[in-house]
Amino acid sequence: MASDSVIVVGAGPVGVTAALALARRGLNVTVLDAEAEPNMSPRAIVYLHPLLPDLDRLGVLDDMRTKGHLDHEGFNMHLVALGEVLSAPNTDIEDLSPTPFNIHMGQGEFTTIVLDHLARLDNVEVLWGTRLTDLTQDDEGVTATIDTRDGGRELHAAWLVGADGGRSATRELIGAKLEGTTWGERFVATNVRFDFRSLGFFSSNLFVHPTHAAVIAQIDGTGLWRCTFQEDESLPEETVEERIHQYFRGLLGADASYDLVAYRPYKMHQRLATTLRAGRVLLAGDAAHLTNPTGGLGLTTGLYDVLALEEVLPAVAFGEAEESALDRYAADRSRVFSEISSPQASHLKRIVYGGLGADELRELTQPMREMTSTREGRRTMLMGLDGVRSPSLLATSATA
Ligand SMILES: Cc1cc2nc3c(=O)[nH]c(=O)nc-3n(C[C@H](O)[C@H](O)[C@H](O)COP(=O)(O)OP(=O)(O)OC[C@H]3O[C@@H](n4cnc5c(N)ncnc54)[C@H](O)[C@@H]3O)c2cc1C
């Protein structure tokens, strides 16, 4: 078995980015996805500024800049009950970052851009309509059993990366459990055409409102916005569209004219796989961890998994690092999720959607109030978004 071959299961945003990063490091990559084409449903849209130099290094940033919306306005939390807006614009870090802006674009559009770049590489093959159903491994490599339109067959590679999302078959096949909690509320993500700026919204908003709390963000320059609100999970999912219109009438005004373009109700979790590595198999993205998306840390954490993987897997495959580097990948990405992504997203969800009284809201947001009140504080806050990056996992190996 050639030690430089890898199967990536899942052509979602994490799988395709992993494929691109690993292929550029010289691995031969086969990507497989159970579906016939990329999933374009409304999901993640924000690519935070500290990740953009990495996406530039991978060659996709120019296309993202052309096709996405550049957000220079950064963090904006509207505390309606307190009559305050706490802001930290990205213009405050113009001298600190080569990319002092976030990019907004649907994750389906992002995936499509990365797939275009994969198509230009000789050492990548993408197989659609190809589902992983079983896997075995030995000291030499991994055998993946796949189901295709033409029947079942086996694929062999030295390594396998499971980036097959929240219901990951890879995770199940390596015997990992998804531990944590599922929220009792449902999120409803909507794509809607409306001039939110006319109501005082910025490119990106945490709208903390007693009855109409939402995360609201501009998706592109065509007037398309994302508005995600929360509702009780016991409400019938079949009638969610009626409640979306009720919600918008309440938020925008009874006579407001808007166009609901797409929507998707979904369950939210704070869950982490019990292991991110079993021998030659590694997990990344939603296959490894699931968080509610308040603050945009779901996909973000998955893309930072890719950066860690990009460092360790080629080094191990080419015999430049010990396999223990893969254990450090598993341990550090678990640490990042349980110490940073998950608690931050849960804290933000509580502030935005928790229906808190004025006193509690003032107290919980006091650290942000202090940070956003000075330029230095805002700079620290914005640069701190890189906290979900792992340190070099090879450097650690040199001293281990
Ligand atoms: C409505 C919604 C809104 C969200 N909003 C945000 C947000 O604003 N910010 C944020 O950061 N995150 C957000 N998230 C989370 C974000 O969408 C996920 O973190 C992201 O999709 C993870 O990407 P992934 O590539 O790991 O998994 P996925 O996007 O789920 O991709 C997995 C891929 O694997 C394929 N697959 C599955 N099983 C198999 C199999 N057995 N064999 C082969 N292929 C398989 C699937 O077809 C799919 O293409 C949101 C999620 C939802 C549902």
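These notes cover the structure that comes with them. Source: prediction; values computed, not measured.

In terms of helices and strands, the protein carries 12 helices and 20 strands. What you see for the protein is a C-alpha radius of gyration of 21 Å, in line with the 21 Å of a compact globule of 400 residues. Along the three orthogonal principal directions, the C-alpha set of the protein runs to about 65 × 50 × 40 Å. Counting across all 400 residues of the protein, residues that qualify as buried make up 54%. The long-range fraction of contacts in the protein, counting pairs at least 24 apart against all pairs at least 6 apart in sequence, stands at 73%. Distance between charge centres in the protein, computed from 35 positive and 56 negative side chains, equals 2 Å.

With that out of the way, let us pick up the sheet that holds strand 9 (residues 131–137). Read across the sheet, three strands follow the order 9-10-11 without closing on themselves; strand pairing throughout is antiparallel. Each edge of the open sheet is held by one strand with a lone partner, namely strand 9 and strand 11 (151–157). Put simply, the sheet's adjacent strands are angled 25 degrees from each other on average, direction ignored. Bridging between strand 9 and strand 10 (residues 142–148) involves six bridges; their strand directions are antiparallel. Across the sheet, residue aspartate 134 finds its bridge partner in strand 10, namely threonine 145.

Within the open sheet, the three strands sit side by side as 3-7-4. Their pairing is antiparallel. With partners counted over all chains shown, the strands left at the sheet margins are strand 3 (46–47) and strand 4 (69–71), one partner each. Looking at chain direction, strand 4 and strand 7 (residues 102–104) are connected through three bridges and run antiparallel. The residue bridging leucine 70 from the neighbouring strand is isoleucine 103, located in strand 7.

So, on to the pattern of salt bridges. Going through the model one piece at a time under the given rule, you end up with 22 salt bridges. Close ionic contact of aspartate 92 with arginine 375 constitutes a salt bridge, the shortest N to O distance being 3.6 Å. Pair noted here: aspartate 92 is in the loop between strand 6 (84–88) and strand 7 and arginine 375 is in helix 11 (residues 375–383), with a separation of 283 residues, a long-range link. Taking the relative accessible area as the measure of exposure, arginine 375 reaches 42% and is therefore partly exposed. A salt bridge links arginine 277 to glutamate 323, with the nearest nitrogen and oxygen atoms 2.6 Å apart. Of this pair, arginine 277 sits in strand 18 (residues 277–278) while glutamate 323 sits in the loop between helix 7 (297–317) and helix 8 (324–353), and the two are 46 residues apart along the sequence. The class of glutamate 323 is partly exposed, set by a relative accessible area of 36%. Each member of the salt-bridge network shares a partner with another, and the members are Arg25, Asp54, Arg57, Glu310, Asp386 and Arg389.

Moving on: the packing of aromatic side chains. The final tally for this structure, using the stated rule, is 10 aromatic pairs. Taken together, a centroid distance of 5.7 Å and an interplanar angle of 75 degrees make the contact between phenylalanine 196 and phenylalanine 201 edge-to-face. You'll find phenylalanine 196 and phenylalanine 201 in the same group, each marked buried. Summarising the aromatic geometry, the rings of phenylalanine 248 and tyrosine 258 are spaced 5.1 Å apart at their centres and angled 45 degrees between planes, so their arrangement reads as tilted. Placement of phenylalanine 248 in helix 6 (residues 240–252) and of tyrosine 258 in the loop between helix 6 and strand 17 (259–273) is noted, with a sequence separation of 10 residues between them. No difference in accessibility class separates phenylalanine 248 from tyrosine 258, as the two residues are buried. Three or more aromatic residues joined by ring pairs form one cluster here, namely Phe194, Phe196, Phe201, Phe207 and Trp225. Above the plane of the ring of tryptophan 159 lies arginine 280, whose end atom (NZ or CZ) is 4.4 Å from the centre. Its guanidinium or amino end placed over the ring of tryptophan 183, lysine 349 lies 4.0 Å from that ring's centre, counting from NZ or CZ.

Next up on the list: the site of the ligand. Contacts to the ligand come from 31 residues, most closely from Asp33, Gln107, Tyr266, Asp286 and Leu299. Taking valine 14, its main chain carries an N or O atom lying 3.0 Å from an oxygen atom of the ligand. Glycine 298 is positioned such that a nitrogen or oxygen atom in its backbone is 3.1 Å from an oxygen atom of the ligand. Taken by itself the ligand offers 1000 Å² of open surface, and the protein chains cover 89% of this. Only helix 1 (13–24), strand 9 and helix 7 provide two or more residues apiece to the shell around the ligand. Ranked by residue count, the leading element in the shell around the ligand is helix 7, at four residues. Across the shell around the ligand, the residue classes break down as 16 nonpolar, nine polar and six charged.

Here we take up the nonpolar core. Buried together is how nonpolar side chains tend to be arranged in soluble globular proteins. Ranked by internal contacts, the top residues of the largest apolar core, which has 58 residues, are Val29, Tyr47, Met64 and Leu313. Top element by residues in this core is helix 7. It accounts for 13 residues. Leaving out residues up to four positions away in the same chain, tyrosine 47 has contacts with Leu52, Met64, Asn102, Ile103, Met105, Gly106, Gln107, Phe110, Leu299 and Leu303. Grouped together as the second largest cluster of nonpolar side chains are 24 residues, Leu155, Ala157, Ala278 and Val281 included.

Reading guide: rules and limits
Residues numbered from 1 in each chain as written. Predicted model: local features only at pLDDT ≥ 70, side-chain atom pairs only at ≥ 80, totals over all residues. Heavy atoms only, no water. Helix = DSSP H or I, 4+ residues; strand = E, 2+ residues; numbered from the N terminus. Rg over C-alpha atoms; globule rule 2.2 N^0.38 Å. Buried < 20%, exposed > 50% of the residue type's maximum accessible area, 1.4 Å probe, protein only. Contact = heavy atoms within 4.5 Å. Lys, Arg positive; Asp, Glu negative; His and termini not counted. Charge placed at Lys NZ, Arg CZ, Asp CG, Glu CD. Pairing = 2+ DSSP bridges. Axes fitted to C-alpha atoms, helices over the stretch in contact; angles between N-to-C directions. Salt bridge = Lys/Arg side-chain N within 4 Å of Asp/Glu carboxyl O. Phe/Tyr/Trp six-rings, centres within 6.5 Å; stacked < 30°, edge-to-face > 60°. Lys NZ or Arg CZ within 6 Å of the ring centre and 35° of its normal. Near = heavy atom within 4 Å. Polar contact = N/O pair within 3.5 Å; in protein donor to acceptor, adjacent residues only side chain to side chain. Areas by Shrake-Rupley, 256 points an atom, 1.4 Å probe, with all protein chains shown as cover. Nonpolar A, V, L, I, M, F, W, Y, C, P; charged D, E, K, R; others polar. Core = buried A, V, L, I, M, F, W, Y, C linked by side-chain atoms within 4.5 Å.

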